[in-house]
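Observations on the model geometry
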Amino acid sequence: MTLPPTPSQTVGPFYGYALPFTGGGDLAPAGHPDALTVHGRVYDGASAPVPDALVEIWQPAPDGSRRGAPGSLRRDPVTGRFAGRDATAFTGFARVPTDADGHWAVRTLPPGGVPYLAVAVFARGLLHHLYTRAYLTDAPGTADELLSALPPDRRATLIAAPEPNRTYRFDIRLQGEGETVFLDFG
Amino acid sequence: MTAQPPTQADIGAEMARARDAYAKAVADGAPVRHHPGRDYAPYRSSALRHPVRPLVAVADPGAAELSGPVFGVTDVTDLDHDLTRQHPGEPLGERITVTGRVLDRAGRPVRGQLVELWQANASGRYAHLRDRHPAPLDPNFTGVGRCLTDDRGAYTFTTVRPGAYPWRNHTNAWRPAHLHFSLFGNAFTQRLVTQMYFPGDPLFPHDPILQSVTDEAARQRLVAAYDHELSTPEWALGYRWDIVLDGPAATWAEEGRR
Ligand SMILES: [Fe+2]
């Protein structure tokens, strides 16, 4: 049996009070010695920052587990508000809206078993979200099937550039010069 | 000379051309297209926000995207699925319940996963500061809900029917009433953000976001069914809307991960 899928529709301009949650980018517990920051800007086809994009990250835990854990949207039982993650379970999931400058950032732990973070991008004007990957270049195993199949200029769009203080820069260009490689999983 | 904003007739003609081109392509043997093309010009905001290079296929059975995030009882509260009980008073509008099942393409229920909903109030206004539509805000309605699917993959929300609202895609552009939905499957590849519409809305043919789905049958899958059996006497009208998530998942997910 194969059912036809429900079509995608744009996230629109008004998800900002509904989808983001407190600590959405804080995958790593506060003060964790292995924590790293991945950040960047989302740009449109005129190289203008996209201030109303939503970036989601999924990744294996440092030990390679892909089972994730509940609690990304953990709630305060008294107020019902978002309480932030519990600082013990690694949920593997982050969600951050871009700011007025098109900038986003997550603090996470190194993914186990793969050298990349899986990235999904949603935006007003984007009728169907896009997948890409942020490869952390100093992580092990960069002899990667996807990267090695791409010409150098295209491959470069998937590499998060190392910066000081365990920080990586990963810009997402939706269109045009330096357009990010977006992925199709079939 | 400043370009005039397009009229509804201009946009309507563009939408008709896109529909005709799609119908001809399918008649000539092209595959049915379930999702909107990202380069759908009648939706003007898409112009600079779609990639022009083809997507790169990933057929790696070890891809991390074949697994995905999980959620649980810490992520939702009992009140989250009832958008009419989040404030001291009752919201204005027509109370409705919306229910359905979340399935993968093999028809298997997606169990214990997060469903998120957001919407305009009965007057067509979002509780979002950047929504400048001069329709009243409702102090008793925020318009945000969440729930987890049950063992059948079923979700249920109680809310009010949202109003249509204007937007600036073209002159006299109005969105048909809709609920925004966000869904997670068993894999990150199955992620879906979409919109549910109400049956018989006269704005359907005028809306480039709905019409961006150029396949008629696919478009119909975005429209809920009014179901009288789901209506609750003296309380609420019932709508049914099943959701099928696209995309592959790791085979270990089939054995149940919860
Ligand atoms: Fe909307």
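For the structure given in this document, a descriptive report is provided here. These numbers come from a predicted model, not from an experiment.

Right, let's talk about the coordination of the iron ion for a bit. Residue and element names in this part refer to chain B. Protein ligation of the iron ion involves Tyr126 (OH), Tyr165 (OH), His178 (NE2) and His180 (NE2), the donor distances falling in the range 1.9 to 2.2 Å. Coordination at the iron ion comes from 4 donor atoms whose angles at the metal span 89 to 159°, giving a geometry best classed as irregular. All donors of the iron ion come from a single chain, and their spacing in sequence reads Y-x38-Y-x12-H-x1-H. With Tyr126 in the loop between strand 3 (114–118) and strand 4 (144–148) and Tyr165 in strand 6 (residues 165–167), the pair connects residues that are 39 residues apart, well separated along the chain. For the residue pair Tyr126 and Tyr165, the accessibility class agrees, reading buried in each case.

Further remarks concern the packing of aromatic side chains. Per the counting criterion, the structure on display carries 18 aromatic pairs over all chains. Where Phe157(B) meets Phe181(B), the ring centres are 6.1 Å apart and the plane angle is 75°; that geometry is what we call edge-to-face. Of this pair, Phe157(B) sits in strand 5 (residues 154–160) while Phe181(B) sits in strand 8 (residues 178–183), and the two are 24 residues apart along the sequence. Taken together, the ring pairs connect Phe21(A), Phe82(A), Phe93(A), Phe71(B) and Phe184(B) into an aromatic cluster. Positioned over the ring face of Trp167(B) is Arg175(B), at 5.9 Å from the centre of the ring.

Within the secondary structure, Ser182(B) sits in strand 8. Within the structure, the side chain of Ser182(B) is placed 3.1 Å from the side chain of Arg191(B), a separation counted as a polar contact. Setting aside residues up to four positions removed in sequence, Ser182(B) forms contacts with Leu19(A), Arg95(A), Leu114(B), Val115(B), Glu116(B), Trp118(B), Arg191(B), Leu192(B) and Val193(B).

Attention now goes to the pattern of salt bridges. The final tally for this structure, using the stated rule, is 19 salt bridges over all chains. Notably, a salt bridge pairs Asp171(A) with Arg169(A), separated by 2.7 Å at the nearest N-O pair. Across the salt bridge formed by Asp207(B) and Arg175(B), the nearest N and O atoms sit 2.9 Å from each other. Linking Asp207(B) in the loop between strand 9 (192–197) and helix 2 (208–211) with Arg175(B) in strand 7 (residues 173–175), this pair joins segments that are 32 residues apart in sequence. If you follow the salt bridges from partner to partner, you end up with Glu56(A), Arg95(A), Glu116(B) and Arg191(B) in one network.

Across the contact, 73 residues belong to chain A and 83 residues belong to chain B. Regarding the contact of chain A and chain B, the summed buried area is about 6,800 Å², with carbon and sulfur atoms giving 59% of it. A per-residue breakdown of the area chain A buries against chain B is headed by Gln9(A), Phe14(A) and Tyr17(A), which together make up 12% of the total. Between chain A and chain B we count 5 salt bridges in total. Across the pair Glu65(B) and Arg133(A) runs a salt bridge, and its minimum N-O distance is 2.8 Å. Joining chain A to chain B, the criterion identifies 44 residue pairs in polar contact (both at pLDDT 80 or more). At 6 residues, strand 5 (residues 116–123) of chain A tops the list of elements feeding residues into the side of chain A that touches chain B. Grouping the amino acids of the side of chain A that touches chain B by side-chain chemistry returns 41 nonpolar, 18 polar and 14 charged. In this structure, strand 10 (residues 183–184) of chain A lies alongside strand 1 (residues 56–57) of chain B, joined through 2 bridges in parallel fashion. Its bridge partner being in strand 1 of chain B, Asp184(A) is matched across the sheet by Ala57(B).

Turning our attention to the environment of Glu56(A). In this fold, Glu56(A) is placed in strand 2 (residues 53–58). Residue classification places Glu56(A) among the buried residues on the basis of a relative accessible area of 0%. Linking Glu56(A) and Leu117(A), residues 61 residues apart in sequence, is a C-alpha distance of 9.8 Å. Only 2.6 Å separates the side chain of Glu56(A) from the side chain of Arg191(B), close enough to count as a polar contact.

Tyr155(B) and Phe181(B) are the most contacted members of the largest nonpolar core, which has 39 residues in total. Mapped by element, the contributors of at least two residues to this core are helix 1 (8–27), strand 2 (95–104), strand 3, strand 5, strand 8, strand 9, helix 2 and strand 12 (243–245) of chain B. The next biggest cluster of nonpolar side chains, apart from the first, holds 34 residues, and it includes Leu147(A), Leu150(A), Phe185(A) and Leu66(B).

Our focus in this paragraph is the environment of Ala249(B). Considering the arrangement of structural elements, one finds Ala249(B) in the segment after strand 12. When the C-alpha atoms of Ala249(B) and Gly185(B) are compared, they prove to be 8.6 Å apart, with 64 residues separating the residues in sequence.

By secondary structure assignment, the location of Gln119(B) is in the loop between strand 3 and strand 4. Separated by 2.6 Å, the side chains of Gln119(B) and Thr159(B) make a polar contact. For Gln119(B), the residues in contact, after removing those within four places along its chain, are Tyr17(A), Leu83(B), Tyr126(B), Phe141(B), Thr142(B), Gly143(B), Thr159(B), Val160(B), Arg161(B), Pro162(B), His178(B) and Leu179(B).

Residue and element names in this part refer to chain B. Strands sit in the order 4-3-8-9 across an open sheet of 4 strands; the sheet is antiparallel. Of all strands in the sheet, those bounded by a partner on one side alone are strand 4 and strand 9. Averaged over all adjacent pairs, the angle separating strand axes in this sheet is 20°, with direction ignored. Sheet topology note: the strand 3/strand 4 ladder contains 5 bridges and is antiparallel.

Here we come to the pairing of strand 11 (residues 237–240) of chain B. All names here are of chain B. In this structure, strand 2 lies alongside strand 11, joined through 4 bridges in parallel fashion. Counted as the bridge partner of Ile96 is Leu237 from strand 11. In this structure, strand 10 (residues 225–226) lies alongside strand 11, joined through 2 bridges in antiparallel fashion. For Ala225, the partnering residue across the bridge sits in strand 11 and is Arg240.

Definitions and limits used
Position numbers for residues start from 1 in each chain and track the written sequence from start to end. Whichever chain is written first is A, and whichever ligand is written first is 1; the rest continue in order. With pLDDT at 70 or above as the cut-off, local features in this predicted model cover only qualifying residues; side-chain atom pairs require 80 or more to be listed or tallied, and sums for whole chains, interfaces and linings still use all residues. Only hydrogens and water are set aside; all other atoms, that is, all heavy atoms of the structure, feed into the side-chain values. With water omitted from the atoms examined, metal sites may look incomplete; donors here are N, O and S atoms no farther than 2.8 Å from the metal, or 3.2 Å in the case of Na, K and Ca. Every geometry call rests on angle ranges, with four donors termed tetrahedral when all angles are between 85 and 135 degrees, four termed square planar and six termed octahedral when opposite donors are over 155 degrees apart and all others are between 65 and 115, and everything else termed irregular. Secondary structure elements are taken from DSSP: a helix is a run of H or I of four residues or more, a strand is a run of E of two residues or more, and numbering for both begins at the N terminus. Burial here depends on accessible area, computed with a 1.4 Å probe over protein chains only, as a share of the maximum for the residue type. Under 20% is buried, over 50% is exposed, and the range in between is partly exposed. Note on aromatic contacts: the rings of Phe and Tyr and the six-membered ring of Trp form a pair at centre separations within 6.5 Å, being stacked when their planes are under 30 degrees apart, edge-to-face when over 60 apart, and tilted otherwise. In this scheme, Lys NZ or Arg CZ marks a charge over a ring once it lies within 6 Å of the ring centre and within 35 degrees of the ring normal. N or O atoms within 3.5 Å of each other form a polar contact, as long as, within protein, one can give a hydrogen and the other can take it, and as long as residues adjacent in sequence are counted only when both atoms are side-chain atoms. In this description, contact between two residues means that some pair of their heavy atoms is separated by no more than 4.5 Å. Whenever a carboxyl oxygen of Asp or Glu lies within 4 Å of a side-chain nitrogen of Lys or Arg, that contact is scored as a salt bridge. The quantity reported as buried area is the accessible area (1.4 Å probe) lost by two parts once they are put together, taken as the sum for both. Gly is placed with the polar residues, together with every amino acid not listed as nonpolar (Ala, Val, Leu, Ile, Met, Phe, Trp, Tyr, Cys and Pro) or charged (Asp, Glu, Lys and Arg). Two strands qualify as a pair provided DSSP detects at least 2 bridges between them. Nonpolar core, defined: a set of buried Ala, Val, Leu, Ile, Met, Phe, Trp, Tyr and Cys residues in which side-chain atoms within 4.5 Å join the residues together. To define axes, lines are fitted to C-alpha atoms, for helices over the stretch in contact only, and angles between the resulting N-to-C directions are given on a 0 to 180 degree scale.

What is shown is where atoms sit, not what they do.
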